[in-house]
Amino acid sequence: MNNIALGRYVPLDSKIHKMDPRFKMVAMIILMIAIFNVNNAAGSIFMFVILGAAILASKLTFKFILKSMKPMMFMLIFLFILNMFAIREGYVLVSIFGWNIYSGAIFSTLFIVSRLIQMIMVTTLLTATTQPLELTLGIEDLLSPLRRIKVPAHEIAMMISIVLRYIPTLIEDTQRIMNAQASRGVDLDEGSLKEKIAGIVSMISPLFMMSYMRAEDLADAMEARGYYPGKTRTRYKQLEVKASDWMFIVLSVAILIATIMIGRI
């Protein structure tokens, strides 16, 4: 549980931390497009180098980024094994119990896994360098043009911010419940698979109860402070655009163009 880093803000003094959240989210979308545009090994290596440089510029550690990938490791391994036996392209590399593994399956699966890893790196960079309040303001501003067609931009931004904010809280609650059960003799590390499943099921009920209680407390607190959805609200913190923000967007577009050029090689 302590290895989950997604949604955790890391207060550091870096240029990426000081950037406008709206520009960071636009840059994230551009980098996502660049990631899906990669179609060869050179482009994939290029994106890993760029994202590694961004991690160093944000003063985050690679250990922190790896922590954000650990919860997805099972899905990555499952996807890798499934694609190896499902994709039948190229020549046969090896045959296992009558199932042939083709060269095209290896390359295609590696591209898919590398794209997922790069997407996790990008999203972790965004959430680790942007405060939840700034994320709310940025999402609301980006969705503000949709208000003309009656899209509740502020409410959507508030919900996304609350979700991101409560991911670490739910992790802490889960760890607290596990420690409480361990003190009563429940051991999720030992025993048969059936016993482990029973232990996990017994943990879900109190976790849901604590989540509902937190949601009710949050609703009461927002109501007590005069929050009313749909009403015009003022802001204590105003977002300011700097020249470095525009330079970051230009750099992201240049990376996208570079991936397109590399893909044509």
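Right above here is the structure, for reference.
Residues numbered from 1 in each chain as written. Predicted model: local features only at pLDDT ≥ 70, side-chain atom pairs only at ≥ 80, totals over all residues. Heavy atoms only, no water.

Draft legend 1. Spatial organisation of the overall build of the protein. Summing up its helical and strand segments, the protein has nine helices and two strands in all. In sequence order, the secondary structure elements of the protein are arranged as α-α-α-α-β-β-α-α-α-α-α. Among the 265 residues that make up the protein, the fraction classed as buried is 33%. Roughly 16,600 Å² of accessible area belongs to the protein as shown, and the carbon and sulfur atoms make up 68% of that amount. (Helix = DSSP H or I, 4+ residues; strand = E, 2+ residues; numbered from the N terminus. Buried < 20%, exposed > 50% of the residue type's maximum accessible area, 1.4 Å probe, protein only. Areas by Shrake-Rupley, 256 points an atom, 1.4 Å probe, with all protein chains shown as cover.)

Draft legend 2. View of the environment of Tyr-166. Structurally, Tyr-166 can be placed in helix 7 (residues 153–183). Given the relative accessible area of 24%, Tyr-166 is considered partly exposed. Distance from Tyr-166 to Ala-215, taken between C-alpha atoms, is 9.9 Å for residues 49 residues apart in sequence. What Tyr-166 contacts, discounting residues up to four positions off in sequence, is Arg-214 and Leu-218. (Contact = heavy atoms within 4.5 Å.)

Draft legend 3. Representation of a nonpolar patch on the surface in the model. Together, Ile-197, Ile-200, Val-201, Ile-204, Phe-208, Met-209 and Tyr-212 make up a nonpolar patch on the protein surface, roughly 700 Å² of accessible area in all. With respect to the secondary-structure elements, Phe-208 resides in helix 8 (residues 193–224). On the basis of relative accessibility, which here comes to 46%, the residue Phe-208 falls in the partly exposed class. (Patch = residues over 30% accessible without salt bridge, like charges linked within 9 Å, V, L, I, M, F, W, Y side chains within 5 Å. Salt bridge = Lys/Arg side-chain N within 4 Å of Asp/Glu carboxyl O.)

Draft legend 4. Expanded view of the layout of surface pockets. Of the volumes computed, that of the second largest pocket is approximately 500 Å³. Every residue lining the second largest pocket is counted, 25 residues in all, and those nearest its centre are Ile-16, Met-19, Ala-54, Phe-248 and Leu-251. Elements with a contribution of two residues or more to the lining of the second largest pocket: helix 1 (21–37), helix 2 (41–57), helix 5 (103–129) and helix 9 (243–263). The greatest single-element share of the lining of the second largest pocket, amounting to seven residues, is contributed by helix 9. Here the lining of the second largest pocket is built from residues that sort into 17 nonpolar, three polar and five charged. (1 Å grid on protein atoms, 1.4 Å probe; cavity = no way out; pocket = protein on both sides within 12 Å on 5 of 7 lines; lining within 4 Å. Points joined across faces, edges and corners; volume = space filled by probe spheres on them. Nonpolar A, V, L, I, M, F, W, Y, C, P; charged D, E, K, R; others polar.)

Draft legend 5. Molecular detail of the pattern of salt bridges. Scanning the entire structure with this criterion turns up five salt bridges. Note that Asp-173 is salt-bridged to Arg-176, the shortest N-O span being 2.8 Å. In this pair, Asp-173 and Arg-176 are both assigned in helix 7, three residues apart and thus about one turn of the helix distant. On the accessibility criterion, Asp-173 (0% relative accessible area) is buried. With a relative accessible area of 45%, Arg-176 lands in the partly exposed category. Of the charged contacts, one joins Asp-173 and Arg-214 as a salt bridge, the two residues approaching to 2.8 Å between their closest N and O atoms. Separated by 41 residues along the polypeptide, Asp-173 in helix 7 and Arg-214 in helix 8 bring together distant segments of the chain. Taking the relative accessible area as the measure of exposure, Arg-214 reaches 32% and is therefore partly exposed.

Draft legend 6. Structural detail: the nonpolar core. Counting 31 residues, the largest nonpolar core has Met-47, Ile-55, Leu-60, Ile-65, Met-121 and Val-122 as its most contacted members. For this core, the elements supplying multiple residues, two or more each, are helix 1, helix 2, helix 3 (62–69), helix 5, helix 6 (132–143) and helix 9. A total of nine residues in this core trace back to one element, the largest contributor, which is helix 1. (Core = buried A, V, L, I, M, F, W, Y, C linked by side-chain atoms within 4.5 Å.)

Draft legend 7. Looking closely at the side chain of Asp-20. Mapped onto the elements of the fold, Asp-20 is located in the segment before helix 1. Apart from the residues within four sequence positions on either side, Asp-20 is in contact with Leu-239, Glu-240, Val-241 and Asp-245.

Draft legend 8. Seen up close, the packing of helix 6 against helix 7. Look at helix 6 against helix 7: their axes get within 8 Å of each other, and the N-to-C directions meet at 150 degrees. Compared by their axis directions, helix 6 and helix 7 come out roughly antiparallel. Where helix 6 crosses over helix 7, the two elements pack in a sense that is right-handed. Contacts from Pro-132, Leu-135, Thr-136, Ile-139, Glu-140 and Leu-143 of helix 6 reach helix 7 at Ala-153, His-154, Ile-156, Ala-157, Met-158, Ile-160, Ser-161, Leu-164 and Arg-165. Its residues assigned to classes, the contact of helix 6 with helix 7 comprises ten nonpolar, three polar and two charged. (Axes fitted to C-alpha atoms, helices over the stretch in contact; angles between N-to-C directions. Parallel < 35°, antiparallel > 145°, perpendicular 65-115°, else oblique. Left-handed = near helix turned anticlockwise from the far one by under 90°.)

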